[in-house]
Amino acid sequence: MPMRRAAAVTTRWHVYASAEALADRAAQVVIRCASEATAQRGAFSLVLAGGSTPRAVYERLRRLPADWRRWEVWFGDERCLPDGDAQRNDVMAHDALLAHVPIPAQRVHRVPAQDGAKAAATAYGAAVGAAGRFDLVLLGLGEDGHTASLFPGRPVGDEPDAAAALAVGGAPKPPAERVSLSARRLADARQVMFLVTGRAKTDAVRAWHRGGDIPAARIAPPGGVDVWLDAPAADGLCAGRR
Ligand code: 6PG
């Protein structure tokens, strides 16, 4: 079967001199996005990225002024580990941000991944399905081009009728069992920001930049996506350095 080409999605590349400079600026942009959403719609719906890269942004966010009670937080994906396990994405977000700001607990929607991928995907899909368009989705990029828990060679759920959340088994990045928002649901957003740092991501970034069909390239919101890179991850892409 011929490889499907990724949907043509406007991709804006932003290169920062360092991971620290990227995190400083990204935190400010998130706060600005929150302020605009809250002013226009009375709330700010944010999807948090997992992995390690976003931690620096979350740690900066908690020190900035925001109308935190208007924030509504979702997770792009979660690892199927016991509740509270240090390797969970929601534990990283809690330690770096959520424990430090007064977002009402009922407005932080964690994935019940401890219940197993299938049950959690069904439950989370129902919850997030009713959430409306996200204001901002934060995502990472894996060395193989994955994003959230959407991995190469596997369903990413970018069809118009794709479920909102997918149960993922046999993931190449441990743990094998995960839950992920689908590409379709992640793209139902006003803004999508990828946060990518480190030389290990160079190959994935270059493949993406050349139009390769990696899972990250399947995230196709109407307004396009913004890919934030530090210099090592960008490794000389033509994008203008900031
Ligand atoms: C996860 C993430 C995953 C992550 C990338 C990048 O569960 O690990 O959802 O998609 O964003 O693998 O991870 P790093 O930021 O740690 O490089």
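The structure under discussion appears in the preceding block.
Thresholds applied
Residues numbered from 1 in each chain as written. Predicted model: local features only at pLDDT ≥ 70, side-chain atom pairs only at ≥ 80, totals over all residues. Heavy atoms only, no water. Helix = DSSP H or I, 4+ residues; strand = E, 2+ residues; numbered from the N terminus. Expected span 1.5 Å × (residues − 1). Buried < 20%, exposed > 50% of the residue type's maximum accessible area, 1.4 Å probe, protein only. Arc of directions from axis to C-beta. Core = buried A, V, L, I, M, F, W, Y, C linked by side-chain atoms within 4.5 Å. Contact = heavy atoms within 4.5 Å. Pairing = 2+ DSSP bridges. Axes fitted to C-alpha atoms, helices over the stretch in contact; angles between N-to-C directions. Near = heavy atom within 4 Å. Polar contact = N/O pair within 3.5 Å; in protein donor to acceptor, adjacent residues only side chain to side chain. Areas by Shrake-Rupley, 256 points an atom, 1.4 Å probe, with all protein chains shown as cover. Nonpolar A, V, L, I, M, F, W, Y, C, P; charged D, E, K, R; others polar. Phe/Tyr/Trp six-rings, centres within 6.5 Å; stacked < 30°, edge-to-face > 60°. Salt bridge = Lys/Arg side-chain N within 4 Å of Asp/Glu carboxyl O.

Draft legend 1. Just helix 4 (residues 117-129), in detail. With 13 residues, helix 4 should reach 18 Å at 1.5 Å per residue; the first-to-last C-alpha distance of 17 Å fits that figure. For helix 4, the complete set of buried residues consists of Ala117, Ala120, Ala121, Tyr124, Gly125 and Val128. End-on, the buried residues of helix 4 take up no more than an arc of 130°, which puts them together on one face. With respect to the buried face of helix 4, the exposed residues turned more than 90 degrees away are Lys118, Thr122 and Ala126.

Draft legend 2. Spatial organisation of the nonpolar core. By size, the foremost hydrophobic cluster in this structure holds 80 residues, and its most contacted members are Tyr58, Trp71, Phe194 and Leu229. If you tally residues by element for this core, the top one is helix 1 (residues 19-41), at 10 residues. Residues in contact with Phe194, not counting those within four places in the same chain, are Leu139, Gly140, Thr147, Trp208, Ala216, Ile219, Val225, Asp226, Val227 and Trp228.

Draft legend 3. Expanded view of the sheet that holds strand 7 (residues 178-181). Taking strand neighbours across the sheet as the criterion, the three strands line up as 4-7-6 in an open arrangement whose pairing is antiparallel. Because the sheet does not close on itself, it has two edges, and the strands there are strand 4 (77-79) and strand 6 (165-168). Direction aside, neighbouring strands of the sheet carry axes that sit 15° apart on average. Pairing analysis gives three bridges linking strand 4 to strand 7, with the strands arranged antiparallel. Residue pairing in the sheet places Arg79 in a bridge with Arg178 of strand 7. Of the strands in this sheet, strand 6 and strand 7 are in contact with helix 4, which crosses strand 6 at around 170°.

Draft legend 4. Geometry of the sheet that holds strand 3 (residues 71-75). Strands sit in the order 1-9-8-5-2-3 across an open sheet of six strands; the sheet is parallel. In the strand order of this sheet, the two ends are held by strand 1 (11-16) and strand 3, each with one partner. Taken over all neighbouring pairs, the strand axes of this sheet differ in orientation by 20° on average, direction set aside. Sheet topology places strand 8 (residues 192-196) next to strand 9 (residues 225-230); four bridges connect them, and they run parallel. Within strand 9, the position partnered with Phe194 by the bridge is Val227. On top of the sheet, helix 6 (residues 202-209) reaches strand 1, strand 8 and strand 9; it is set at about 145° to strand 1, its chief contact.

Draft legend 5. Region of interest: helix 1. For helix 1, built from 23 residues, the straight-helix expectation of 33 Å at 1.5 Å per residue is met to within 8% by its first-to-last C-alpha distance of 32 Å. Leu22, Ala23, Ala26, Ala27, Val29, Val30, Ile31, Cys33, Ala34, Ala37 and Thr38 are the residues of helix 1 that are buried. Positive phi shows up at Gly42, right after helix 1, with a value of about 80°.

Draft legend 6. Seen up close, the site of the ligand. In the neighbourhood of the ligand, 15 residues make up the surrounding shell, with Ser52, Asp77, His146, Ala148 and Lys173 lying closest. Contacts to the ligand include Asn89, whose side-chain N or O atom sits 3.1 Å from an oxygen atom. Side-chain polar atom of His146 to an oxygen atom of the ligand: 2.6 Å apart, as the coordinates give it. Here the ligand, which alone exposes 410 Å², has 91% of that area covered by the protein. Looking at side-chain class alone, the shell around the ligand contains two nonpolar, eight polar and five charged residues.

Draft legend 7. Local environment of the packing of aromatic side chains. By the definition in use, this model includes six aromatic pairs. Aromatic pair Trp13 and Trp208: ring centres 5.3 Å apart, planes at 75°, arrangement edge-to-face. One end of the pair, Trp13, is in strand 1; the other, Trp208, is in helix 6, with 195 residues separating them in the sequence. With a relative accessible area of 17%, Trp13 lands in the buried category.

Draft legend 8. The arrangement of the pattern of salt bridges in detail. If you walk through the whole model with that rule in mind, you get 20 salt bridges. The shortest N-O distance in the salt bridge between Arg41 and Asp135 comes to 2.6 Å. Here the residue Arg41 occupies a position in helix 1, and Asp135 occupies one in the loop between helix 4 and strand 5 (136-139), the gap between them amounting to 94 residues. A relative accessible area of 38% means that Arg41 is categorised as partly exposed.

Draft legend 9. Representation of the environment of Phe75 within the structure. Among the secondary structure elements, Phe75 is positioned in strand 3. Placed 105 residues apart in sequence, Phe75 and Ser180 show a C-alpha to C-alpha distance of 8.4 Å. If near-sequence neighbours (up to four positions away) are discounted, Phe75 is found in contact with Val47, Leu48, Asn89, Asp90, Ala93, Leu98, Val108, His109, Arg110, Val111, Tyr124 and Leu181.

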